[in-house]
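# Close look at the chain arrangement
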Amino acid sequence: MRKRLSMKINMLLERHFPERRLFLRSDADTRFIRLRPVTQMVGFAGAAAIVAWAIIATSILLMDSIGSGNFRDQAKRDQNAYERRLNELSAERDSRAAEALAAQERFNAALSQISIMQSELLNSETRRRELETGIEVIQTTLRKTMKDREAARDKVAELSEGGATSTGTSATDDAAVNFLTTALEATAQERDQVVADAQDALVQADEMKAEIEEMADKNDQIFRQLEEAMTVSVKPLDKMFKAAGMNTDRILNEVRKGYSGQGGPLMPLSFSTRGNAETADTNRANDILKDMDRLNLYRIAAQKAPFANPVKSSFRFTSGFGYRWGRMHKGTDFAAPHGTPIYSTADGVVTHAGWLSGYGKLIKIQHQFGIETRYAHLSKFRVKVGQRVSRGQRIGDMGNTGRSTGTHLHYEVRVGGKAVNPMIFIKAANDVF
């Protein structure tokens, strides 16, 4: 059975691969190699396999080349888009910084004007009170003089009637009449002078009233400018902290408790010492002072929260926060050349500066409000444990240590021990600074 099957297979092969002989001739003799059907089939199959492998390999290489070219073009387009976006954010940040600086200058100028106007207002109030007191004294003197003049006139009339009925006027009566006449003339002159002084006082009072009204208008304009400046300065900061998911009231209270800056919190104004109700200007000024105090507290809090960017040189984002390859990526990756400076994103204290599995060379910084930042895969440390660092201070150099596929910075932000997206803070700051 096996022999018959072998014969059939051999006959089938001879139809397609008949037996051939390969002659090899030399000077002395001639030899030949016998190529049986099986040998020819094996050779043909091997050649076909080599050709097929070559075709498939060439196709794969061509497809990889085309795919890698498309990927490089897409990566280049993404990089250009990132660079354009970064340039736009940088320009927007510079414009916002210029606006904030201009608003601060306007605020300082308005504050100086308020100080000057407050001094002028107090001086005018003092002059007005002095004029009111002088007018009251003049009116009292005028009333007394008028009474004395009427009394003198009555006395002269009595003396005149007495002289008409009597048979003779004595020298003493003449002297009395002359004295009264002189006194009346002096009183009349004094009355005229008092009336003139009173008219001058009324004119000065009218001028003072107009000056006070003009000063009130100027104060109102200054208050409006200050209120607008405070609105422009405070609202973006409030929005920035809320966009980062932070409770602004809790943060400001915490900063206020630990406040150690020069001058301390701003105190409310009080222009009255008589226990009277506060005026509208006083309330407006106190509201502005509250906004100034809030702005100052926001400024302190912004230094203590990680709103800055850890890389100031040119870089590209290579991986964001979220799930990646089935695992949670708890930070954002910044790629740049080896040795690129890395900066602290907020004021804080270094709690770790050493090697940690997976992270490589790692720096941990503890900030206020329960926030911690981590800087991984570094090549060099520039701080040590326990050192207090400031926002924008250089803490290390970018590297490729730990579980890393290339030179980059792995940057994490943790609030209460839980990792959050660092771009929330960075984007919130980009909308303000």
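Procedures and definitions
- Residues numbered from 1 in each chain as written.
- Predicted model: local features only at pLDDT ≥ 70, side-chain atom pairs only at ≥ 80, totals over all residues.
- Heavy atoms only, no water.
- Core = buried A, V, L, I, M, F, W, Y, C linked by side-chain atoms within 4.5 Å.
- Buried < 20%, exposed > 50% of the residue type's maximum accessible area, 1.4 Å probe, protein only.
- Helix = DSSP H or I, 4+ residues; strand = E, 2+ residues; numbered from the N terminus.
- Salt bridge = Lys/Arg side-chain N within 4 Å of Asp/Glu carboxyl O.
- Patch = residues over 30% accessible without salt bridge, like charges linked within 9 Å, V, L, I, M, F, W, Y side chains within 5 Å.
- Areas by Shrake-Rupley, 256 points an atom, 1.4 Å probe, with all protein chains shown as cover.
- Arc of directions from axis to C-beta.
- pLDDT = per-residue confidence, 0-100.
- Contact = heavy atoms within 4.5 Å.
- Phe/Tyr/Trp six-rings, centres within 6.5 Å; stacked < 30°, edge-to-face > 60°.
- Lys NZ or Arg CZ within 6 Å of the ring centre and 35° of its normal.
- Polar contact = N/O pair within 3.5 Å; in protein donor to acceptor, adjacent residues only side chain to side chain.
- Pairing = 2+ DSSP bridges.

Below, the discussion takes up the nonpolar core. Counting 35 residues, the largest nonpolar core has Phe241, Met246, Tyr375 and Leu409 as the members making the most contacts within it. When residues of this core are traced back to their parent elements, those giving at least two are helix 3 (171-243), helix 4 (248-257), helix 5 (280-304), strand 9 (360-366), strand 10 (371-381), strand 12 (394-398), strand 13 (409-415) and helix 6 (422-430). Per-element tally for this core: the top contributor is helix 5, with 5 residues. Membership of the second largest hydrophobic core comes to 5 residues, among which are Ala110, Met117, Met215 and Ile222.

The next point concerns the pattern of salt bridges. Pairing between side chains becomes possible if they bear opposite charge and their charged atoms approach one another. Taken as a whole, this structure holds 4 salt bridges when the rule is applied. Across the pair Arg382 and Asp397 runs a salt bridge whose closest N-O atoms are separated by 3.0 Å. Placement of Arg382 in the loop between strand 10 and strand 11 (388-389) and of Asp397 in strand 12 is noted, with a sequence separation of 15 residues between them. Its relative accessible area of 38% is what places Arg382 among the partly exposed residues. The class for Asp397 is buried, based on a relative accessible area of 6%. Here Arg414 makes a salt bridge to Glu412, at a shortest N to O gap of 3.0 Å. Glu412 matches Arg414 in its accessibility class, with the two residues each being buried. Salt bridges sharing common partners tie together Arg382, Arg394 and Asp397.

Let us look at a nonpolar patch on the surface. Taken together, Leu22, Leu24 and Ile33 make up a surface patch of nonpolar side chains, about 260 Å² in accessible area. Tracing the sequence through the fold places Leu22 in strand 1 (residues 20-25).

Those residues of helix 4 that fall on the buried side of the exposure criterion are Thr248, Ile251, Leu252 and Val255. The buried side chains of helix 4 occupy one side of the element, clustering within an arc of 95 degrees when seen end-on.

The share of residues in the chain with pLDDT of 70 or more is 76%, and the mean pLDDT across the chain is 76. Low pLDDT, under 50, characterises residues 261-274; the predicted model gives this stretch 18 contacts beyond four residues in sequence or across chains.

Following the criterion strictly, the structure yields 6 aromatic pairs and no others. Each ring, one from Phe334 and one from Tyr411, has its centre 6.3 Å from the other, and the planes form 65 degrees; the classification is edge-to-face. You can see Phe334 sitting in strand 6 (residues 332-335) and its partner Tyr411 sitting in strand 13, a full 77 residues away along the chain. This pair shows no difference in class: Phe334 is buried, exactly as Tyr411 is. Three or more aromatic residues joined by ring pairs make a cluster, and in this case those are Phe315, Phe317, Phe334, Tyr375 and Tyr411. Positioned above the aromatic ring of Phe381, the side-chain terminus of Lys361 is 6.0 Å from the ring centre.

Right, let's talk about the side chain of His329 for a bit. Tracing the backbone through its elements, the reader meets His329 in strand 5 (residues 327-329). At 2.7 Å, the side chain of His329 forms a polar contact with the backbone oxygen of Gly320.

A few words on unusual backbone geometry. The backbone phi angle of Phe369 is positive, close to 65 degrees, even though this residue is not glycine. Looking at the secondary structure, you find Phe369 in the loop between strand 9 and strand 10. Of the residues examined, Phe369 reaches a relative accessible area of 8% and is grouped as buried. For His377, which is not a glycine, the phi torsion comes out positive at approximately 65 degrees. Mapping His377 onto the fold places it in strand 10.

In terms of burial, strand 9 is a largely internal element, 5 of the 7 residues being buried. Two elements, strand 8 (residues 348-356) and strand 9, share 7 bridges in a ladder whose sense is antiparallel. The partner of Val350 across the bridge, within strand 9, is Ile365. Count of turn residues in the strand 8/strand 9 antiparallel hairpin: 3 residues, of which Gly358 carries a positive phi of about 85 degrees. Here 5 bridges tie strand 9 to strand 10, and the two strands are oriented antiparallel to one another. By the bridge assignment for strand 10, Ile363 is matched with Tyr375.

A large share of strand 12 lies buried, amounting to 4 of its 5 residues. Taken together, the 3 bridges between strand 7 (residues 341-343) and strand 12 define a ladder with antiparallel strand orientation. Note on strand 12: the bridge partner recorded for Tyr343 is Arg394. Examined bridge by bridge, strand 10 and strand 12 share 3 bridges and lie antiparallel to one another. Paired with Leu378 across the bridge in strand 12 is Met398.

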